[in-house]
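Understanding the architecture of this molecule
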Amino acid sequence: MKAFIVDQYKKKGALRLGDMPEPVLQDDDVLVQAHAAGLNLLDSKIRDGEFKLILPYRPPFILGHDVAGTVVRVGSKVGKFKPGDEIYARPRDGRVGTFAELIALNEADVALKPKNLSMEEAASIPLVGLTAWQVLVERANLQKGQKVLIHAGSGGVGTFAIQLAKHIGATVATTTSTANVELARNLGADVVVDYKKENFEKVLSGYDAVLNSLDGDTLRKSLSVLKPGGKLISISGPPDPDFARTQGLNWFLRQVLRLLSSGIRRKAKRHRVNYSFLFMRANGEQLNQITSLIEAGIIRPVMDRVFPFEATNEALTYIETGRSKGKVVVKVR
Ligand SMILES: NC(=O)c1ccc[n+]([C@@H]2O[C@H](COP(=O)([O-])OP(=O)(O)OC[C@H]3O[C@@H](n4cnc5c(N)ncnc54)[C@H](OP(=O)(O)O)[C@@H]3O)[C@@H](O)[C@H]2O)c1
């Protein structure tokens, strides 16, 4: 099968379009013919080698974390899916590789694709949808009437998270540049801070939660936005000791992560808020709930561009500009 392959870890290195053996199906796997694959900055970071210690993929391996497609075969223990089902998924860590014609997925990672979405739209959802869900619903336990700041409201995570937070009934503030203010408003954001004109930390206060996906400076400034007891949840780092524990990292790495996050944890304590790092996980059950919200018209995908499969490298270069509005997808077939 055709696939985009990492032959060696290399910063900005191009993926090779080559042939790989068809995936081996385990008893609880479904074999999926990919129609579309979503791109994420995690793909670039893995290719660059930034995640080598935490997610040790051995080259040559296939990259890609989001897929929509059709089930072509199922393992002997699969109960939820049958050939012909249209599905979407974020494969679990260790088993990624959606930039390919076929992928084997553990059925627990899979959900039926929302009926009202095209394959390209569906492929844009799993990783960012699950991230927003796990930050806002699981970790922040966001409630109706609470206030949440979602940074980078025009990005992949931001466009989904704004809509989810509004559905929960929260008051939502977001940051974006002038060109994307209208987009953020249309998604339902109550307060849109144009970072070209205003400093968010000067205009926002008393918030219950912040979803940070930006740099360390933004993370520190976000502390003053929170009320005592508020939650600062970062998906862009630094990783914290709890994350190291749940990943089962060795003693040395646990100490490194403890050190990396010690500054922000100390500052958070001083502000009487809670800091935590979140790394999203595959979860078919949560994706099912996301399917329901999309089919009910509560959340819609925000698509920037669809590239042909052959242009996967160009698509990666495009998202690496950090300017995409919503999601970028490649059409596999
Ligand atoms: N830990 C996890 O599980 C996890 C999961 C998903 C993503 N992530 C990470 O989270 C980050 C965001 O991911 P993403 O997919 O949402 O990225 P993305 O789609 O590439 O984000 C692009 C958007 O960011 C906005 N942006 C850039 N700088 C900004 C700033 N200073 N203030 C406000 N907005 C800004 C841009 O808007 P403008 O053009 O208007 O500036 C653009 O629309 C990445 O680092 C990614 O790796 C982590």
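Every chain's residues receive numbers from 1 upward, in the order its sequence appears when written. Per-residue local features of the predicted model are confined to residues with pLDDT of at least 70, and side-chain atom pairs are confined, for both listing and counting, to 80 or more; whole-chain, interface and lining totals are unaffected and use all residues. The side-chain figures draw on all heavy atoms in the structure; neither hydrogens nor water molecules are used.

In what follows, salt bridge is the name for a side-chain nitrogen of Lys or Arg lying within 4 Å of a carboxyl oxygen of Asp or Glu. Inspection of the entire model under this criterion finds 20 salt bridges. A salt bridge links Asp93 to Arg90; its shortest N-O distance comes to 2.9 Å. For every residue, the accessible area (1.4 Å probe, protein chains only) is compared with the maximum for its type, and the residue is labelled buried under 20%, exposed over 50%, or partly exposed between those bounds. In this structure Arg90 comes out as buried when scored by relative accessible area, which is 0%. The network of salt bridges with common partners includes Lys11, Lys12, Arg47, Asp48 and Glu320.

Quick look at the pairing of strand S7 (residues 102–106) now. The numbering of helices and of strands both runs from the N terminus, where a helix is a DSSP run of H or I of at least 4 residues and a strand a run of E of at least 2. With 5 of its 5 residues buried, S7 lies for the most part within the structure. Neither face of S7 is open: one carries Leu102, Ala104 and Asn106, the other Ile103 and Leu105, and all of them are buried. Note on pairing: DSSP must find at least two bridges between two strands before they are called paired. Pairing of strand S3 (residues 29–38) with S7 involves 5 bridges; the strand directions are antiparallel. The residue of S7 that forms the bridge with Gln33 is Leu102.

Here we take up unusual backbone geometry. Cis peptide bonds are those with omega within 30 degrees of zero, and the linkage from Pro59 to Pro60 qualifies with 0°. Within the secondary structure, Pro60 is located in the loop between helix H1 (41–48) and strand S4 (61–62). Cis geometry marks the peptide bond from Gly237 to Pro238, where omega comes out at 0°. Among the structural elements, Pro238 can be located in the loop between strand S13 (226–234) and helix H8 (241–246). Residue Lys12 is not a glycine yet carries a positive backbone phi of 60°. With respect to the helices, strands and loops of the structure, Lys12 is situated in the loop between strand S1 (2–6) and strand S2 (16–19). One non-glycine residue, Asn141, lies in positive phi territory at about 50°. By the secondary structure assignment, Asn141 is in the loop between helix H3 (126–139) and strand S9 (147–150). Residue class for Asn141 comes out partly exposed when judged on its relative accessible area of 44%.

This brings us to the packing of H3 against helix H11 (residues 284–295). Angles run from 0 to 180 degrees between N-to-C directions of axes, and those axes are lines fitted to C-alpha atoms, restricted for helices to the stretch in contact. At their nearest, the axes of H3 and H11 sit 10 Å apart, and the two run at 100° to each other. On the basis of the axis angle, H3 is roughly perpendicular to H11. When H3 is examined against H11, the residues Pro126, Gly129, Leu130, Trp133, Gln134 and Glu138 are found in contact with a partner set consisting of Gln286, Leu287, Gln289, Ile290 and Leu293. Classifying every residue of the contact of H3 with H11 gives 6 nonpolar, 4 polar and 1 charged. For this classification, under 35 degrees means roughly parallel, over 145 means roughly antiparallel, 65 to 115 means roughly perpendicular, and everything else is oblique. We call two residues contacting when some pair of their heavy atoms lies within 4.5 Å. Each residue receives one of three labels: charged for Asp, Glu, Lys and Arg, nonpolar for Ala, Val, Leu, Ile, Met, Phe, Trp, Tyr, Cys and Pro, and polar for the others, Gly being one of them.

Attention now moves to the environment of Ile103. Here Ile103 is to be found in strand S7. The sequence separation of Ile103 and Gly69 amounts to 34 residues, and the corresponding C-alpha distance is 9.6 Å. Apart from the residues within four sequence positions on either side, Ile103 is in contact with Pro23, Val30, Leu31, Val32, Val67, Pro91, Arg95, Val96, Gly97 and Thr98.

The geometry of H3 relative to helix H4 (residues 156–168) is characterised by a closest axis approach of 9 Å and an angle of 45° between their N-to-C directions. Considering their axes alone, H3 and H4 lie oblique with respect to each other. Crossing of H3 over H4 shows right-handed handedness. Across the interface between the two elements, Val128, Gly129, Thr131, Ala132, Trp133, Leu136 and Val137 from H3 touch Gly156, Val157, Phe160, Ala161, Leu164, Ala165 and Ile168 from H4. Crossing chirality is assigned from the near helix's rotation relative to the far helix, an anticlockwise turn below a right angle marking it left-handed and a clockwise turn marking it right-handed.

Bringing the sheet that holds strand S14 (residues 274–277) into the picture now. On the basis of which strands lie adjacent, the open sheet formed by 6 strands has the order S11-S10-S9-S12-S13-S14 and parallel pairing. At either margin of the open sheet sits one strand with a lone partner, and together these are strand S11 (191–194) and S14. Averaged over all neighbouring strand pairs, the angle between strand axes comes to 15°, with direction disregarded. Examined bridge by bridge, S9 and strand S10 (residues 171–176) share 4 bridges and lie parallel to one another. Opposite Val148, over in S10, you have Val172 as the bridge partner.

Time to look at the site of the ligand. Note on terminology: near, applied to a residue and a molecule or strand, indicates that one of the residue's heavy atoms is within 4 Å of it. Looking at the ligand, there are 23 residues lining it, with Gly156, Ser177, Tyr195, Met280 and Ser324 nearest. Contacts to the ligand include Lys45, whose side-chain N or O atom sits 2.8 Å from an oxygen atom. Here a polar contact means two N or O atoms within 3.5 Å. Within protein one must be a hydrogen donor candidate and the other an acceptor candidate, and residues neighboring in sequence count only if both atoms are side-chain atoms. In the model, a nitrogen atom of the ligand is placed 2.8 Å from a nitrogen or oxygen of the Leu278 main chain. Isolated, the ligand exposes 930 Å² of accessible area, and the fraction of that covered by the protein chains is 86%. Residue exposure ignores everything except the shown protein chains as possible cover, and the areas themselves are Shrake-Rupley values with a 1.4 Å probe.

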